[in-house]
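Structure at a glance
Here is how the chains run, residue by residue.
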Amino acid sequence: MSGNPYQDDRGNKDASIANPHGAGTLSVSGTQVRAMPGSDGPFLIGENMTGGYGKTGPNILHGCTIAVEKGEIAVIVGPNGAGKSTAMKAVFGMLDLREGRVLLDGEDITQLTPQARVRYGMGFVPQTSNIFTSMTVEENLEMGAFIREDDYRSTMEQVYELFPILRDKRRQPAGELSGGQRQQVAVGRALMTQPKVLMLDEPTAGVSPIVMDELFDRIIEVARTGISILMVEQNARQALEIADKGYVLVQGANGYSGSGKDLLADPEVRRSFLGG
């Protein structure tokens, strides 16, 4: 036991909620892409990323590198305006990189659209507008299975086991739920795609400390199934406590990186970004 309740070995270890296939093919704009499992290097990496929004907008990222290993939790923290969410969007293909590349399981996916990356095994939960408010909880989860051609009912059952409150409210419009419950719906919908990587943009924004702790517990359980977690989080100290790897961004570039434990112990990181 580590003494840290977030890092102890616990949680659901049923890997079936993850994509069971480490390789596959995907035809994108006439080009066939093949995943090659077992490659050297991080499972997912946005490497030396430089870019901004639009064709002529200024660069927000400046040689930024973010990586996460399979089944681990990587957290991006930093001050407001540091480029945290932009870095995650760059990894997901929501802005064009002017320099750098993105690799998933050793395969260069830099040119893939976000839609193609979902089929390739990436799930993304944005900070806001991340549920269909007029649809029921169960309909939201069903929407997450839109790319599935198999029977997704077992995956939905696993989501209900992970978030029991969603089973109780499955017939209720998602827009009537609390903020924390909405986040559970958003995460659950992303899990319905059976992702290999789950990307979360500030999942605890606006929720109470109790709900934050519960969400972090569930995120740990998801990682235990073998899904890689890449997360931007405003609650830096709490996020680093559960992180296998942490990145502190400063003005769109890597300021500090290391294990969550090492960053929490770094005097400069504590003084500059964690309130001492």
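Below is a summary of the structure that appears in this document. All values reported here derive from a predicted model rather than from experimental measurement. (Residues numbered from 1 in each chain as written. Predicted model: local features only at pLDDT ≥ 70, side-chain atom pairs only at ≥ 80, totals over all residues. Heavy atoms only, no water.)

A few points about the packing of helix α6 (residues 179-191) against helix α7 (residues 209-224)
The description of two helices packed together rests on the angle between their axes and the distance between the axes. The contact between α6 and α7 brings their axes to 10 Å, and the two run at 15°. By the angle between their directions, the pair α6 and α7 is classed as roughly parallel. Note on packing geometry: the crossing formed by α6 with α7 is right-handed. Contact residues: G180, Q183, Q184 and L191 in α6; V211, E214, L215 and V222 in α7. Among the residues making up the contact of α6 with α7, the classes are represented as four nonpolar, three polar and one charged. (Axes fitted to C-alpha atoms, helices over the stretch in contact; angles between N-to-C directions. Helix = DSSP H or I, 4+ residues; strand = E, 2+ residues; numbered from the N terminus. Parallel < 35°, antiparallel > 145°, perpendicular 65-115°, else oblique. Left-handed = near helix turned anticlockwise from the far one by under 90°. Contact = heavy atoms within 4.5 Å. Nonpolar A, V, L, I, M, F, W, Y, C, P; charged D, E, K, R; others polar.)

A look at the sheet that holds strand β7 (residues 107-108)
Strand order in the open sheet made by the four strands is β4-β3-β6-β7, with antiparallel pairing throughout. Single-partner strands in this sheet number two, and they are β4 (61-68) and β7. Two strands pair when backbone bridges link them, and strand β3 (residues 44-51) and strand β6 (residues 97-104) are joined in this way by six bridges, in the antiparallel orientation. Paired with T50 across the strands is E99, a residue of β6. (Pairing = 2+ DSSP bridges.)

Describing the pairing of strand β12 (residues 253-258)
Bridging between strand β11 (residues 245-250) and β12 involves five bridges; their strand directions are antiparallel. Across the sheet, V250 pairs through a bridge with A253, a residue of β12. The hairpin turn running from β11 into β12, its antiparallel successor, is two residues long, and Q251 in that turn takes a positive phi close to 50°.

Section: the nonpolar core
One broad trend across soluble globular proteins is that nonpolar side chains are buried collectively. Membership of the largest hydrophobic core comes to 45 residues, with the highest contact counts inside it found for I73, L191, L198, L200, I229 and M231. Examining the composition of this core, we find that seven residues originate from one element, α7, more than from any other. If sequence neighbours within four positions are ignored, I229 has contacts with V68, E72, I73, A74, L198, L200, I219, V222 and A223. Counting residues in hydrophobic clusters, the runner-up holds 35 residues, among them A74, V91, L103 and M199. (Core = buried A, V, L, I, M, F, W, Y, C linked by side-chain atoms within 4.5 Å. Buried < 20%, exposed > 50% of the residue type's maximum accessible area, 1.4 Å probe, protein only.)

Without other data, these values stay purely geometric and don't point to any function.
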